[in-house]
Amino acid sequence: MNIEKIEEEIRRLKEEKNAIILVHNYQRPEIQDIADLLGDSLGLSKEAAKTDADMIVFCGVSFMAETAKILSPDKKVLQPSLGAGCELANKITAQDVKVLKQKYPDARVVSYVNTTADVKAESDVCCTSANAVNVVRNIEADRVIFVPDRNLASYVQRFVDKEVIPWDGGYCYVHEYITKEEVLKAKEKYPDAVILVHPECNPSVIDIADKVLSTGGMVNLARESDNKRFLIGTEEGIIYRLKKENPEKEFYPAGRKRFCWDMKMTTLKDVYLCLLDEQYEISLPKGIVDSAKRALEAMLQYT
Ligand code: 13P
Ligand code: SF4
């Protein structure tokens with residue numbers, strides 16, 4: 001089947017099955033092009049919670065599809081690419097969180113949405129990169145255990161008076177290794193460019209950025225800004241969307257192109273087979289779903 005035929009079949013099956021296709025900003029261009037909603041973790045979670053579709057096809061990584069299932073347990077949630085996971089989410093276990101809770105019994109636990117459902121179940125509230133500062137600021141506690149991303153934890157600490165306790169083992173390989181030197185070199189090449197970086201970057205990169213934003217925040221800023229050039233410090237997939245939506249502006253990676261290989265696993269053929277055969281369905285134990293749902297719904301109240 002050629003691309004046009006696969007796209008046509010995807011549209012037909014989607015209608016027949018009353019399905020919605022949710023796509024993260026890091027996905028391949030051809031997957032972004034078939035999205036019903038293209039967005040960041042927060043925007044996609046909100047849509048998953050309110051959609052009236054019978055079926056959700058989630059093109060992203062597994063914690064995102066699991067989040068959709070937790071927020072809409074009665075819907076069929078499918079992930080086209082079996083095994084597309086998040087290395088950050090897979091680093092921490094529920095047991096790691098229990099250990100931190102024992103060590104800091106007076107602290108509340110905020111977990112980044114990039115976690116498995118059983119880590120969410122151990123948390124008081126979840127957050128995404130778009131609302132992390134807001135969630136930590138508003139949670140009623142003087143000390144907050146923040147897992148798993150240590151860079152996001154240290155970014156949040158810049159804005160709140162309370163103590164933010166990070167988990168040292170947590171970082172994302174895509175963002176951690178973006179260096180200050182490569183960003184400054186890119187800036188030398190494009191001195192008038194605005195530097196936008198994701199809060200998963202390490203603090204030395206955060207320090208030299210003009211804006212620190214979720215992927216959805218980058219999309220909004222690029223649209224609204226009068227600036228013409230931007231250096232993007234995050235996974236390279238978002239640059240396709242930024243260029244498509246702002247053809248008169250220029251977007252370059254802030255240094256080397258960075259890839260999240262799991263985000264790139266999903267192909268158009270996977271999406272087609274996913275709709276055709278209704279694979280791969282997300283299913284989670286009910287007890288975990290109920291506890292994780294509490295933490296996710298608490299997050300949605302803050303935003
Ligand atoms: P956003 O919520 O900003 O889209 O980020 C998700 C993510 O996985 C970043 O690496
Ligand atoms: Fe996970 Fe990093 Fe990929 Fe985001 S970019 S999904 S945090 S591995």
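Reading the values: the criteria
- Residues numbered from 1 in each chain as written.
- Chains lettered and ligands numbered in written order.
- Predicted model: local features only at pLDDT ≥ 70, side-chain atom pairs only at ≥ 80, totals over all residues.
- Heavy atoms only, no water.
- Near = heavy atom within 4 Å.
- 1 Å grid on protein atoms, 1.4 Å probe; cavity = no way out; pocket = protein on both sides within 12 Å on 5 of 7 lines; lining within 4 Å.
- Sits in = over half its atoms within 2 Å of the grid points.
- Helix = DSSP H or I, 4+ residues; strand = E, 2+ residues; numbered from the N terminus.
- Nonpolar A, V, L, I, M, F, W, Y, C, P; charged D, E, K, R; others polar.
- Points joined across faces, edges and corners; volume = space filled by probe spheres on them.
- Polar contact = N/O pair within 3.5 Å; in protein donor to acceptor, adjacent residues only side chain to side chain.
- Areas by Shrake-Rupley, 256 points an atom, 1.4 Å probe, with all protein chains shown as cover.
- Core = buried A, V, L, I, M, F, W, Y, C linked by side-chain atoms within 4.5 Å.
- Buried < 20%, exposed > 50% of the residue type's maximum accessible area, 1.4 Å probe, protein only.
- Contact = heavy atoms within 4.5 Å.
- Axes fitted to C-alpha atoms, helices over the stretch in contact; angles between N-to-C directions.
- Parallel < 35°, antiparallel > 145°, perpendicular 65-115°, else oblique.
- Left-handed = near helix turned anticlockwise from the far one by under 90°.

## Some details on the site of ligand 2
Logical step 1: Neighbouring ligand 2 are the residues Tyr26, Val61, Cys86, Glu87, Leu88, Asn114, Cys172, Tyr173, Val174, Glu200, Cys260 and Met263.
Logical step 2: A majority-of-atoms criterion places ligand 2 in the largest cavity.
Logical step 3: Secondary-structure elements contributing two or more residues to the shell around ligand 2 are α5 (87-91) and α10 (173-176).
Logical step 4: Residue classes in the shell around ligand 2 are distributed as nine nonpolar, one polar and two charged.

## Describing empty space enclosed by the protein
Logical step 1: Tallied over the entire structure, the rule returns three cavities of 30 Å³ or more.
Logical step 2: Together, 28 residues line the largest cavity, and Tyr26, Met64, Asn114, Glu200 and Met263 are the ones closest to its centre.
Logical step 3: Counting residues per element, the ones that place at least two in the lining of the largest cavity are α3 (41-50), α4 (62-71), α5 and α10.
Logical step 4: The element contributing the most residues to the lining of the largest cavity is α10, with three residues.
Logical step 5: Tallied by class, the residues present in the lining of the largest cavity amount to 14 nonpolar, 10 polar and four charged.

## A short note on the site of ligand 1
Logical step 1: Around ligand 1, the surrounding shell consists of His24, Tyr26, Asp40, Ser41, Asn114, Ser129, His175, His198, Glu200, Ser214 and Thr215.
Logical step 2: Between ligand 1 and the protein, one listed contact pairs an oxygen atom with a side-chain N or O atom of His24 at 2.7 Å.
Logical step 3: One of the side-chain N or O atoms of Asn114 is found 3.2 Å from an oxygen atom in ligand 1.
Logical step 4: In isolation ligand 1 exposes 300 Å². Once the protein is present, 96% of that is buried.
Logical step 5: When atoms are counted within 2 Å of each cavity's grid points, the one that captures over half of ligand 1 is the largest cavity.

## Description of the nonpolar core
As a rule of thumb, nonpolar side chains are buried together in soluble globular proteins.
Logical step 1: Ile56, Phe58, Val110, Val136, Phe146, Val156 and Val197 are the most contacted members of the largest nonpolar core, which totals 65 residues.
Logical step 2: Setting aside its immediate chain neighbours within four residues, Phe58 contacts Leu22, Leu44, Met64, Ala65, Ala68, Leu78, Gln79 and Pro80.
Logical step 3: The next biggest cluster of nonpolar side chains, apart from the first, holds 18 residues, and it includes Ile10, Ile34, Cys59 and Leu275.

## Topic: the packing of α3 against α4
Logical step 1: Close contact between α3 and α4 brings their axes to 8 Å; oriented N to C, the two are set at 30°. In terms of their interaxial angle, α3 and α4 are classed as roughly parallel. In the crossing of α3 with α4, the sense of the turn from one axis to the other is right-handed. For the pair α3 and α4, contact is made by Ser41, Ser45, Ala48 and Ala49 and by Phe63, Met64, Thr67, Ala68 and Leu71, respectively.
Logical step 2: Residue composition of the contact of α3 with α4, grouped by class: six nonpolar, three polar and no charged.

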